[in-house]
Structure formats: structure tokens, C-alpha cells
Amino acid sequence: MKFSIVSITLGVALLTGSAPWPGVSPAHAGLPDLFGKAQPPLPKGALQVQDLEADPKGFTGRILVRGVVAKVSPYDPQLFALIDSREARVCQDLNCAKYYLPIKVKDAKLKLWDEIDVRGAMAENPAKKLIYLQADSVVNLGPMRK
């Protein structure tokens, strides 16, 4: 069995994710996700929804969280539930999440499948036994699914 230097170089490049030639990007760079939209980079210091799952009350001060709108409350037009963007991409369903992060947003026109960055602080409504992210600002990155 003969192997050429080119085939070995290409094989190593594919395994390591590096380009075999200068100026050529790795094979996986910029590939779209399952929905055909490139994944936006996570801002520095931002959290994913699953990062809050273990102890949402443990996060104090202002935080930045990225997630996908999975549910809208039928009782409160300002209350939404987010799931982790990575989980939404993998399972392609809004009902498969292990954890839903409630958020309260003023004047939001959010729709299911919108991927958003939410900046705010964790709050609690003891009467409703609800811990949620009270949004100061929301950046809508657009629908993950078209």
C-alpha cells in the first residue's frame, strides 16, 4: 500500500483542523450549522443557558446570556423561556431541552426560534416560585430556523 506525502498531509490536516497550505482555512471554519446559518461568535464573558442550570440564583450582578426563545407565556407577554443555543442546534426541537431559563423582557417582539443575547440580572418572584433573568437589554441575532 503506497501513501503519498500529499495524502498524509491532507489526512493530518483534516484530523487536526489545520490547513495543509498557508492561506487556506481549515475544513470546518465557517461551515453553516444544521439550519444553514453560521453560528454567531459568543461575546466575551457571555454565558450559555446551560451554564446557569446548576445554580441560577448563584449569579449576582449583571450577566450576558445567549439562548434561543423556546416558549412564550400565555399569561404574561413579557415572560419567555430560553434554551441553550447549542442544544437547539443539535436536537432541532424546542421541546427537547433539559433546562429552560425564564426571562422577563419589556417591550420585546420575540418569536420562537429567535437566538438572542440577553443582558440583565437574576431575580426571584417568591409568590410564583420563579427565578428568572430580568432583561436590561436584548440583542436579537435573528431566527435560528427559517
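Residues numbered from 1 in each chain as written. Predicted model: local features only at pLDDT ≥ 70, side-chain atom pairs only at ≥ 80, totals over all residues. Heavy atoms only, no water.

Our next topic: the state of the cysteines. The tally for this structure, following the rule as stated, stands at one disulfide. Sulfur-sulfur distance for the disulfide between Cys91 and Cys96 comes to 1.8 Å. The S-S bond linking Cys91 to Cys96 shows a torsion near -55°; that makes this disulfide left-handed. The class of Cys91 is partly exposed, set by a relative accessible area of 30%. Looking at Cys96, the relative accessible area reads 30%, which means it is partly exposed. (Disulfide = S-S within 2.5 Å. Buried < 20%, exposed > 50% of the residue type's maximum accessible area, 1.4 Å probe, protein only.)

Below, the discussion takes up unusual backbone geometry. Here Gln92, not a glycine, exhibits a phi torsion of approximately 55°, which is positive. Along the chain, Gln92 turns up in the loop between α2 (85–91) and β4 (101–104). Assessed through its relative accessible area of 35%, Gln92 is described here as partly exposed. Residue Trp113 is not a glycine yet carries a positive backbone phi of 80°. By secondary structure assignment, the location of Trp113 is in the loop between β4 and β5 (114–125). We classify Trp113 as buried; its relative accessible area is 11%. (Helix = DSSP H or I, 4+ residues; strand = E, 2+ residues; numbered from the N terminus.)

Tracing the backbone shows Glu115 in strand β5. A residue is classified by how much of its surface remains accessible, and Glu115, at 1% relative accessible area, is buried.

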